[in-house]
Structure formats: C-alpha cells, structure tokens
Amino acid sequence: FPFKAINLKAVNIRVIQIYENNISQFFQDNQHNGGSNITRVGRMVYDGTVDLVSDKPIDYGIWNNFKVDLNRLIETQPGAIYRVMMSFERYQSLYPCGDATGIASPMKRTDLNFDSDTYFNSNDWFEGYSDYENRENPCSDSYYKYYERQVSKNVLASNFGIIAKEGADNEFDVTVTDLRSTDPISGVTIEAYNFQNQLVASGATDGDGFVRFKTQH
C-alpha cells in the first residue's frame with residue numbers, strides 16, 4: 001500500500017475486510033473504491049500504528065515515498081476486498097510547534113460498531129469536533145481531526161485482471177489476464193448477476209482469456 005508523507009514518524013492504519021461472499025451486496029451500494037454501508041459486509045481485521053522508518057537516512061522534512069506491506073498486518077483472503085484507512089495525529093508529527101502547545105498525546109478514538117446497522121464514516125477516526133478555524137494549524141488537534149487529513153482506499157486480493165465491456169443488446173465482452181505476467185487466463189468461469197443477486201449469464205474464458213455472453217435483461 002504505497003503513499004507519500006512529510007514530517008511524520010508514524011501513521012495509524014485500519015483495515016476492514018469485505019468478505020468474498022458479500023461482494024455482490026457491497027457493489028449494490030458502492031463503486032470499486034466505495035465505503036458505504038460497509039459494516040453490513042465486512043469487519044475490522046487490523047487497527048494499529050505503523051512506524052515510518054527506512055534502511056537509509058532520509059529527510060523527514062520533505063515528501064518521501066513509503067509503503068505498507070499488508071501481508072505483514074493481516075492474513076489476506078483471495079477474493080476479498082480490503083478497505084485500508086489511514087490517519088495521523090499530532091504526537092506522530094515532526095512539525096516544529098515549540099513548547100507553547102504542550103505535550104502531544106494520542107487522541108481518543110471513535111468506537112466502531114460492526115454488530116448493528118449504524119452509520120459508518122471512514123474519516124471518523126477521533127472523538128470530538130474539529131475547530132474549523134484551526135483546521136490548517138498542524139499545532140492543533142483540530143488539524144488532524146479534519147476530514148481531509150484521512151485517506152481510504154480499497155484493495156482487491158486477486159491476481160486476476162478483468163476488463164468487461166458492455167455492448168448493444170445486453171452483450172458483454174470480458175477479458176481475464178494474470179496481473180503478474182499479463183498472460184491471458186483460460187478456463188475462468190465468469191458469472192453475471194443482477195441487482196437482486198440472481199445469476200443471469202455465465203461463460204468460461206477461451207485460450208485468449210476472452211468470453212462473450214448475453215443477458216436477458
């Protein structure tokens with residue numbers, strides 16, 4: 001999971017696994033990178049802090065490239081989608097604020113409930129509100145609570161690269177390749193479901209990793 005950071009020594013990471021058998025339900029409410037109604041289809045599998053370190057000396061005062069190896073944090077399941085959420089706090093910042101702001105300490109986290117149909121917001125990390133006037137002040141906790149400071153991305157646990165194109169008269173062309181080699185993959189069963197999660201068409205890829213099928217609706 002690659003990202004850039006400046007003046008940070010650590011970041012907070014949360015990972016929610018969207019289970020493979022809930023993928024169809026997930027796409028009823030979301031595009032590939034969505035996070036709506038996620039407590040209905042997934043649960044938290046990691047909630048921790050990752051230190052930003054390097055084997056070589058780096059200048060933390062400039063933008064640097066970092067990456068988090070998710071395989072070290074979670075046991076990935078093929079076919080699942082993982083929503084990776086990232087935030088940071090004032091105690092993790094290397095920005096010089098002097099002594100006037102006091103000693104920074106971890107902020108209290110918002111409790112997440114995955115056992116009820118409650119509203120979920122990927123950017124709702126910390127309790128309390130952000131003071132709008134201090135939203136651009138990195139020496140204030142409000143800077144880190146402001147919703148634009150958090151980022152979230154969905155990661156698919158798969159080696160398949162799939163391209164699907166819809167043509168006229170409900171006809172679909174699908175191509176499947178191996179993401180590691182870009183080679184076409186034959187014998188892959190492709191299934192199409194409607195919004196009610198009912199199977200409406202299926203087919204297997206040929207030697208070119210291609211299949212065409214037509215749905216009734």
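In what follows, the accompanying structure is described. Keep in mind that what you see is a predicted model, and the values were worked out from it rather than measured.

### With respect to unusual backbone geometry
Right, so step 1: Here D169, not a glycine, exhibits a phi torsion of approximately 60 degrees, which is positive.
Right, so step 2: Relative to the elements of secondary structure, D169 occurs in the loop between strand 7 (160-166) and strand 8 (171-178).
Right, so step 3: Judged by its relative accessible area of 58%, D169 is exposed.
Right, so step 4: Although it is not a glycine, N197 adopts a positive phi angle of roughly 65 degrees.
Right, so step 5: With a relative accessible area of 40%, N197 lands in the partly exposed category.

### Quick look at the layout of surface pockets
Right, so step 1: Of the volumes computed, that of the largest pocket is approximately 1500 Å³.
Right, so step 2: Forming the boundary of the largest pocket are 36 residues, of which I23, S24, F27, I162 and E191 lie nearest the centre.
Right, so step 3: If you list the elements that add at least two residues to the lining of the largest pocket, you get helix 1 (23-29), strand 7, strand 8 and strand 9 (189-193).
Right, so step 4: Here the lining of the largest pocket is built from residues that sort into 19 nonpolar, 15 polar and two charged.
Right, so step 5: Estimated volume of the second largest pocket: approximately 420 Å³.

The rules we used
- Residues numbered from 1 in each chain as written.
- Predicted model: local features only at pLDDT ≥ 70, side-chain atom pairs only at ≥ 80, totals over all residues.
- Heavy atoms only, no water.
- Helix = DSSP H or I, 4+ residues; strand = E, 2+ residues; numbered from the N terminus.
- Buried < 20%, exposed > 50% of the residue type's maximum accessible area, 1.4 Å probe, protein only.
- 1 Å grid on protein atoms, 1.4 Å probe; cavity = no way out; pocket = protein on both sides within 12 Å on 5 of 7 lines; lining within 4 Å.
- Points joined across faces, edges and corners; volume = space filled by probe spheres on them.
- Nonpolar A, V, L, I, M, F, W, Y, C, P; charged D, E, K, R; others polar.

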